Amino acid sequence: MAQAVKAAAPDTAHASSFPEWKKIVSDSFVPLEASPVHPGDTVFSGRLTGRRLRELAIVQVDAMAHCVERTPELINGADGGFYKLSLQLSGRGILLQDGREAVLEPGDLAIYDTGTPYTLSFDKQFTTLVLMFPKQLLGLAPEDMAEMTAVRLGRGHRLGRAVVPFLTQIGRMLPELDGPIGHRLAMNTVDLLSTLLADEAHALPDTEAGGQERLLRRVQHFIDGQLANPDLSPGYIAAAHFMSVRSLHKLFEDSGTTAAAWIRARRLDGARRDLADPLQAGVPVGAIGARWGLPDPAHFSRVFRAAYGQSPSAYRSGR
């Protein structure tokens, strides 16, 4: 687990000075620079109330005016694989990322990427709820997500009207969230967020060429989420995207491959990673193939050998 998610079990950290707050904030999320919004202020207080739920963290921030910045120097591969969602509960926040600015009033939410520089500033006492989670949980193309960071969502958005009350209630339940139920609720929150962002992504304006590229990315990410499904086929994918099989084939042909080849390559790559993982040395080769939608051991061995030059067993033993 990357060090990025450190907000442990219902844990409360309180700071009565700004130097204390700088350390608490950077230790609780990802490394951040913090500075006062009003340099002449001599009084500061802030509190973090957090819960870590496996790979996710939910943290409520109550603090006086200040600014935090994720600088390029603070970003590294170990903690850049996360998104953070902020729901403004009181006060006002201003989020800057990717050349965009989102002004967040109570009831607004926005997403930002820990792998890219950002700034969050608050000009007065505020409360915000932060959900931090690995990027892959969203199941959305990075290219689409790059267009939705620092975009104000929530109030006025048709799905935001459902997500915001749910998130607000989750914040109230922080002291009670624990174990499998807490994790399930957190995952449900990410699923809701994914639906909201997918709706937002589909509403992005397209050029004709850009629209085809975006559609291909969406189809490819859909496939990545369905690799274990034995029913995954061009017909299944086309139906899920309200297009004909012929249109699906044309979409992939324009990118220099085929739908079937893409599915096979993604399944084999997933199996290859598992076979190379020493923590999965005890998992039977056939079970790994089945996990990635290749349940016939003979077929799995044949296509794996064709792709990597050796059988799955030989590949595993050679690592």
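Scroll up a little and you will see the structure.
Described in the following lines is the structure provided in the data block. In this text the structure is predicted, and so the values were computed from the model without any measurement. (Residues numbered from 1 in each chain as written. Predicted model: local features only at pLDDT ≥ 70, side-chain atom pairs only at ≥ 80, totals over all residues. Heavy atoms only, no water.)

Description of empty space enclosed by the protein
Move 1: Counted according to the given criterion, the structure contains one cavity of 30 Å³ or more.
Move 2: In this model, the largest cavity occupies a volume close to 170 Å³.
Move 3: Contributing to the lining of the largest cavity are 19 residues, with Phe 29, Val 61, Val 68, Leu 120 and Val 130 lying nearest its centre.
Move 4: Mapped by element, the contributors of at least two residues to the lining of the largest cavity are α1 (18–28), β5 (66–70), β6 (82–90), β10 (118–122) and β11 (126–134).
Move 5: Taken together, the residues of the lining of the largest cavity break down into 14 nonpolar, four polar and one charged. (1 Å grid on protein atoms, 1.4 Å probe; cavity = no way out; pocket = protein on both sides within 12 Å on 5 of 7 lines; lining within 4 Å. Points joined across faces, edges and corners; volume = space filled by probe spheres on them. Helix = DSSP H or I, 4+ residues; strand = E, 2+ residues; numbered from the N terminus. Nonpolar A, V, L, I, M, F, W, Y, C, P; charged D, E, K, R; others polar.)

Side note on helix α7 (residues 245–253)
Move 1: Of all the positions in α7, only Leu 248, Leu 251 and Phe 252 are classed as buried. The buried residues of α7 occupy an angular sector of 90° when the element is viewed end-on, so they sit on one face. (Buried < 20%, exposed > 50% of the residue type's maximum accessible area, 1.4 Å probe, protein only. Arc of directions from axis to C-beta.)

Digging into the sheet that holds strand β2 (residues 33–35)
Move 1: Pairing within the open sheet is antiparallel, and its five strands lie in the order β2-β5-β10-β7-β8. The open sheet has two free edges, formed respectively by β2 and β8 (100–104), since each of these has just one partner strand. Strand-to-strand twist in this sheet, taken as the mean axis angle between neighbours without regard to direction, amounts to 15°.
Move 2: Where β5 lies against β10, five bridges are found, and the strand directions are antiparallel. From the neighbouring strand, Cys 67 faces β10, where its bridge partner is Ser 121. (Pairing = 2+ DSSP bridges. Axes fitted to C-alpha atoms, helices over the stretch in contact; angles between N-to-C directions.)

Some details on the sheet that holds β6
Move 1: Across the sheet, which stays open at both edges, the seven strands sit in the order β1-β3-β4-β11-β6-β9-β12 with antiparallel pairing between neighbours. Whereas interior strands pair on both sides, the edge strands pair on one side only; in this sheet they are β1 (11–15) and β12 (153–154).
Move 2: Pairing of β1 with strand β3 (residues 46–53), which is carried by five bridges, proceeds in the antiparallel orientation. Paired with Ala 13 across the strands is Leu 48, a residue of β3.
Move 3: Packed on one face of the sheet, helix α3 (residues 160–172) meets β4 (56–63), β6, β9 (108–113), β11 and β12 and runs near 85° to β6. (Contact = heavy atoms within 4.5 Å.)

Observations concerning the packing of aromatic side chains
Move 1: Here the structure, examined in full by the defined rule, presents 10 aromatic pairs.
Move 2: Relative to Phe 44, the ring of Trp 21 lies with its centre 5.7 Å away and its plane at 50°, an arrangement referred to as tilted. Of this pair, Trp 21 sits in helix α1 while Phe 44 sits in the loop between β2 and β3, and the two are 23 residues apart along the sequence. With respect to burial, Trp 21 and Phe 44 carry one shared label: buried.
Move 3: Plain terms: the ring middles of Tyr 112 and Tyr 118 are 4.7 Å apart, the flat faces sit at 65° to each other, and that makes the pair edge-to-face.
Move 4: A relative accessible area of 2% means that Tyr 118 is categorised as buried.
Move 5: Aromatic rings pair up to connect Phe 300, Phe 304, Tyr 308 and Tyr 315 into one cluster. (Phe/Tyr/Trp six-rings, centres within 6.5 Å; stacked < 30°, edge-to-face > 60°.)

Some details on the packing of helix α8 (residues 259–276) against helix α10 (residues 297–308)
Move 1: Between α8 and α10, the shortest axis-to-axis distance is 11 Å and the interhelical angle comes to 90°. One finds that α8 runs roughly perpendicular with respect to α10. Residue-level inspection shows Arg 264, Leu 268, Asp 269, Ala 271, Arg 272 and Leu 275 of α8 in contact with α10, the latter providing Phe 300, Val 303, Phe 304, Ala 307 and Tyr 308.
Move 2: Here the contact of α8 with α10 is composed, by residue class, of eight nonpolar, no polar and three charged. (Parallel < 35°, antiparallel > 145°, perpendicular 65-115°, else oblique.)

Some details on unusual backbone geometry
Peptide bonds are, in most cases, trans, and in most cases residues other than glycine have a negative phi.
Move 1: Even without being a glycine, Asp 98 presents a positive backbone phi close to 55°.
Move 2: Of note, Asp 98 is situated in the loop between β7 (93–97) and β8.
Move 3: On the basis of relative accessibility, which here comes to 36%, the residue Asp 98 falls in the partly exposed class.

Digging into the pattern of salt bridges
Move 1: Applying the stated rule across the entire model yields 12 salt bridges.
Move 2: Three or more residues are tied together by salt bridges with common partners; here these are Asp 224, Arg 266, Asp 269, Arg 272 and Arg 273. (Salt bridge = Lys/Arg side-chain N within 4 Å of Asp/Glu carboxyl O.)

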